[in-house]
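Spelled out, the chains give:
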Amino acid sequence: MPIYLDYNATAPLRHEVVESVLLLDGLPANPSSVHYFGRQARFLIDEARLAIAHSLGVSPHELIFTSGGTESNNMVIANFDQVITSAVEHDAVLAACPGAMILPVNKEGQICLEALDRRLSALPEDIRPRTLVSIMAANNETGIIHPLGDVVRLCKHHQIACHSDMVQFLGKSPIDLHASGLDFASFSAHKIGGPSGIGALWCHPGRHLTSLLSGGGQERGRRAGTENIIGIHGFGAAVKRLDIDAMNAISSWRDNAEALICEGCPDIEVIGSDVARLANTSALYLPKIEAQTAVMKLDLAGFAVSAGAACSSGKLKPSHVIAAMGRGEAAAHVIRISAGWKTEESDFLGVARAIIEFYKHY
Ligand code: PLP
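Residues numbered from 1 in each chain as written. Predicted model: local features only at pLDDT ≥ 70, side-chain atom pairs only at ≥ 80, totals over all residues. Heavy atoms only, no water.

Let's talk about the nonpolar core
The condition that has to hold: We call a set of buried residues a nonpolar core when its members are Ala, Val, Leu, Ile, Met, Phe, Trp, Tyr or Cys and they connect through side-chain atoms within 4.5 Å of each other. Remark: exposure states derive from per-residue accessible area (1.4 Å probe, protein chains only) relative to the maximum for the residue type, with buried under 20%, exposed over 50%, and partly exposed in between. Each helix is a run of H or I in the DSSP string that is no shorter than four residues. Each strand is a run of E no shorter than two, and both are numbered from the N terminus. Throughout, a residue-residue contact means that at least one pair of heavy atoms, one from each residue, lies within 4.5 Å.
Ranked by size, the top nonpolar core spans 54 residues in total, and within it Leu-56, Leu-120, Val-133, Met-166, Leu-177, Phe-187 and Phe-235 carry the most contacts. Residue assignment for this core shows that the elements contributing at least two residues are helix H2 (36-56), strand E2 (63-66), strand E4 (101-103), helix H5 (113-122), helix H6 (148-158), strand E7 (184-188), strand E8 (199-203) and helix H9 (229-240). Of the residues forming this core, the biggest block, 7 residues, is contributed by H2. Look past the residues within four positions of Phe-235 in its chain and what remains in contact with it is Ile-52, Phe-65, Leu-170, Phe-187, Ser-188, Ala-189, Ile-192, Pro-195, Ile-198, Gly-199 and Ala-200. Among the nonpolar cores identified, the runner-up in size contains 29 residues, and Met-247, Val-295, Ile-337 and Ile-355 belong to it.

Next comes the structure, spelled out in structure tokens:
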């Protein structure tokens, strides 16, 4: 089996998640039913909601279960007329607001706060209540962490609603949403070892969101459709297994691997090494080789990593994230190594050696 180092794309399902889902074996689980089986289903959903809410520092009724990060981002964006976002967001934000004002990032990949302040100051008074600022907590391609506290402070000062795509942040740093000052936040279960097709949108109790879908009154009227109980229950089980200390320990393995690579191949550059990054992510600029080729070489050597953003077709496109950092020349040459709960120190050493081995021939 190859070594899997593509956790930012998706994490392997955790055993505990699979085991917890087996509880549903044979259970007809529609929580809207008033009979015994319906009540059992409702109990399981409430239990998962409580566990997830607890880990985010919010009340359970503030969470809306969705089909994942994409739907959560789309839903909050659809509730506003004007969106201000950054050039390095995931397509689940950028494609959902084609008319958005796009803010630049600095050469370190972090949101340009002066540009945000200027945009917010220039907003006409009547548009402010219908405007949303959406800035991701951490970037999926580089792991670079944005100064969200400063973003929130500016939004509060200008009285603008603030959302964060926290899909990559969950499980890698502690989250306290009530203390954060945010109004909305998006999450996805499959990035933390839960099932695909389930996520959550957190909505501050002082805010109101209308449903994207028309239908039943599930999720307090905010998300129509029979609840995905397998997904929700699995999401709850995955959240219970989050271990931020273990995740932080990974950063020293990552740093050692990066040091080894840069020593063996001095022209390889670590993207974002000067700013706060997720502990599990390493984005490497390989000037002499296209990222697509490097990913294939590593695949042959037994390591599954990725490059830029994979399209749904499976093809690779140059990274809009790296390009937005003013590094157009590097956009097709950056590979991403991302680790998670099954990763061992030897996996990092192995991938570092494999990179040095093939790169020295270029
Ligand atoms: N936002 C970010 C930052 C992501 O990395 C992803 C997934 O790659 C998404 C949103 C989309 O989440 P989902 O796959 O649950 O729709």
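And the narrative resumes.
Digging into the packing of H5 against H6
As a reminder of what qualifies: Lines fitted to the C-alpha atoms define the axes, with helices restricted to the stretch that makes contact. Angles between their N-to-C directions range from 0 to 180 degrees. Each angle gets one of four labels, with under 35 degrees taken as roughly parallel, over 145 as roughly antiparallel, 65 to 115 as roughly perpendicular, and the rest as oblique. Note: crossing handedness is left-handed where the near helix turns anticlockwise from the far helix by less than a right angle, and right-handed where it turns clockwise.
One can describe the packing of H5 onto H6 by two numbers: an axis separation of 10 Å at closest approach and a directional angle of 15 degrees. Considering the angle they form, H5 stands roughly parallel to H6. When the axes of H5 and H6 are compared, the crossing they make is right-handed. Contacts between H5 and H6 involve Leu-113, Leu-116, Asp-117, Leu-120 and Ser-121 from the first element and Asp-150, Val-151, Leu-154, Cys-155 and His-158 from the second.

Some words on the side chain of His-158
Under the convention used in this document: In protein, a polar contact means a hydrogen-donor-capable atom and an acceptor-capable atom, both N or O and within 3.5 Å, with residues adjacent in sequence counting only if both atoms are side-chain atoms; elsewhere, any N or O pair within 3.5 Å suffices.
Note on placement: His-158 falls in helix H6. For His-158, the side chain forms a polar contact with the side chain of Asp-117, separated by 2.8 Å. Beyond its immediate stretch of four places on either side in the chain, His-158 contacts Asp-117, Leu-120, Ser-121 and Arg-128.

So, the packing of aromatic side chains
What counts, and what does not: Any pair of Phe, Tyr and Trp rings, taking the six-membered ring for Trp, is counted once the centres come within 6.5 Å. Such a pair is stacked with planes under 30 degrees apart, edge-to-face with planes over 60 apart, and tilted for the rest.
Going through the model one piece at a time under the given rule, you end up with 4 aromatic pairs. Ring centres 6.4 Å apart and planes at 65 degrees place the aromatic pair Phe-65 and Phe-235 in the edge-to-face group. Of this pair, Phe-65 sits in strand E2 while Phe-235 sits in helix H9, and the two are 170 residues apart along the sequence. For the pair formed by Phe-65 and Phe-235, the shared burial category is buried.

Thoughts on the packing of H2 against H9
It is at 8 Å that the axes of H2 and H9 come closest, and there the two elements cross at 35 degrees. Relative to H9, H2 is oriented so that their crossing is left-handed. Contact with H2, carried on its side by Ala-41, Leu-44, Ile-45, Glu-47, Ala-48, Ala-51, Ile-52 and Ser-55, involves Ile-229, Ile-232, His-233, Phe-235, Gly-236, Val-239 and Lys-240 of H9 and no other residues of that element.

Considering the sheet that holds strand E12 (residues 306-307)
Worth spelling out the cut-off: Two strands form a pair only when DSSP identifies at least two bridges running between them.
Taken in spatial order, the 4 strands of this open sheet run E9-E10-E15-E12, and their pairing is antiparallel. Of all the strands in the sheet, the pair left with one neighbour each is strand E9 (269-271) and E12. Note that E12 and strand E15 (residues 334-338) share 2 bridges and pair antiparallel. Along E15, the bridge assignment pairs Ala-307 with Ile-335. Relative to the sheet, helix H11 (residues 291-300) contacts E12 and E15, its axis offset from that of E15 by approximately 40 degrees.

Thoughts on H9
Under the convention used in this document: Multiplying 1.5 Å by the helix residue count minus one yields the expected span of that helix.
In a regular helix each residue adds 1.5 Å, so 12 residues correspond to 16 Å; H9 covers 17 Å between its end C-alpha atoms and thus fits that length. With 10 of 12 residues buried, H9 lies mostly within the body of the structure. Those residues of H9 that sit buried are Ile-229, Gly-231, Ile-232, His-233, Gly-234, Phe-235, Gly-236, Ala-237, Ala-238 and Val-239. Close packing links the buried residues of H9 with helix H1 (15-22), H2, E2, E7 and E8.

Some points on the site of the ligand
As a reminder, the rule being used: Residues are classed as near a molecule or strand on a simple rule: at least one heavy atom within 4 Å of it. Each accessible area is a Shrake-Rupley result for a 1.4 Å probe, and residues are judged covered by the shown protein chains and nothing else. Polarity classes work like this: nonpolar for Ala, Val, Leu, Ile, Met, Phe, Trp, Tyr, Cys and Pro, charged for Asp, Glu, Lys and Arg, and polar for all others, with Gly in that last group.
Looking at the ligand, there are 13 residues lining it, with Thr-70, Asp-165, Gln-168, Ser-188 and Lys-191 nearest. Considered on its own, the ligand offers 400 Å² of accessible surface; in the complex 87% of this is hidden by protein. Here the shell around the ligand is composed, by residue class, of 2 nonpolar, 9 polar and 2 charged.

A word on the sheet that holds strand E3 (residues 82-86)
Read from one edge to the other, the open sheet built from 7 strands follows the order E2-E8-E7-E6-E5-E3-E4, with strand pairing classed as mixed. Each edge of the open sheet carries a strand with a single partner, namely E2 and E4. Across this sheet, the average inter-strand angle for adjacent strands is 20 degrees, counted without regard to direction.

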